[in-house]
Amino acid sequence: MAAIYNLVFHLEACKEWDKLSEWQKRRLKLSSKKLYIGHEKREGWLGELPFYIFWCHECDHCAKDYPHGDITHQYLVCSFCGVSHRFVPLKVFWLTLFETIKINFQLRFSRK
Ligand SMILES: [Zn+2]
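This structure is a prediction, so every number in the text was calculated from the model and none was measured. (Residues numbered from 1 in each chain as written. Predicted model: local features only at pLDDT ≥ 70, side-chain atom pairs only at ≥ 80, totals over all residues.)

Chemist: So, the overall build of the chain: which residues are in play, and what are the values?
Modeler: Along its length, the chain carries three helices and five strands. The secondary structure elements of the chain, listed N-terminal to C-terminal, are α-α-β-β-β-β-β-α. Relative to its length of 112 residues, the chain is extended, with a C-alpha radius of gyration of 18 Å against a globular reference of 13 Å. With respect to the three principal axes, the spread of C-alpha positions in the chain is 65 × 35 × 25 Å. (Helix = DSSP H or I, 4+ residues; strand = E, 2+ residues; numbered from the N terminus. Rg over C-alpha atoms; globule rule 2.2 N^0.38 Å.)

Shown next as C-alpha cells:
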C-alpha cells in the first residue's frame, strides 16, 4: 500500500466525513466543492487557518487541508495522495465577479 501523504489530516478528514449527511457527501463527491469546517491553530503556527474537507477525485478519498499559496492562486493538497486541487475562496470569487461586472460596464459606456 502506498504511503499516505498526511496521515494526521487524513484521519481527521475521515472523522469529519463521517459527520456529514448522505446528501452532503454526495454533493461533495459529485462536485469539486470544498466544505469549510472551521479555523484551527496547530502547534508552531502564528494564527488560525481555515480548514476544508473535500473529495479527491484522483484517489477517491476524503481529504482535509488548509489553503496554500497566495490569495489569488490558492490550492488544497489531498491528505491521502498529495495531489493539489485548485481552490478559489468565496471572497475572491465575488471580488473577481464584481471586477468583471465593473469592467463590462465601463466598456459599454465608454464605447459611445
Ligand atoms: Zn487524493
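Chemist: With reference to specific residues and values, describe helix α3 (residues 90–110).
Modeler: The end-to-end C-alpha separation of α3 is 30 Å, in line with the 30 Å expected for 21 residues at 1.5 Å each. Of all 21 residues making up α3, only zero are buried, and the element is barely covered by its neighbours. (Expected span 1.5 Å × (residues − 1). Buried ≥ 20, exposed ≤ 12 C-beta atoms within 10 Å, placed from the backbone.)

Chemist: Summarise unusual backbone geometry; cite the residues concerned and give the values.
Modeler: Even without being glycine, aspartate 60 reaches a positive phi, approximately 55 degrees. Counting through the fold element by element, aspartate 60 comes out in the loop between β2 (49–56) and β3 (61–65). Judged by local crowding, aspartate 60 falls into the exposed class, with 10 C-beta atoms found within 10 Å.

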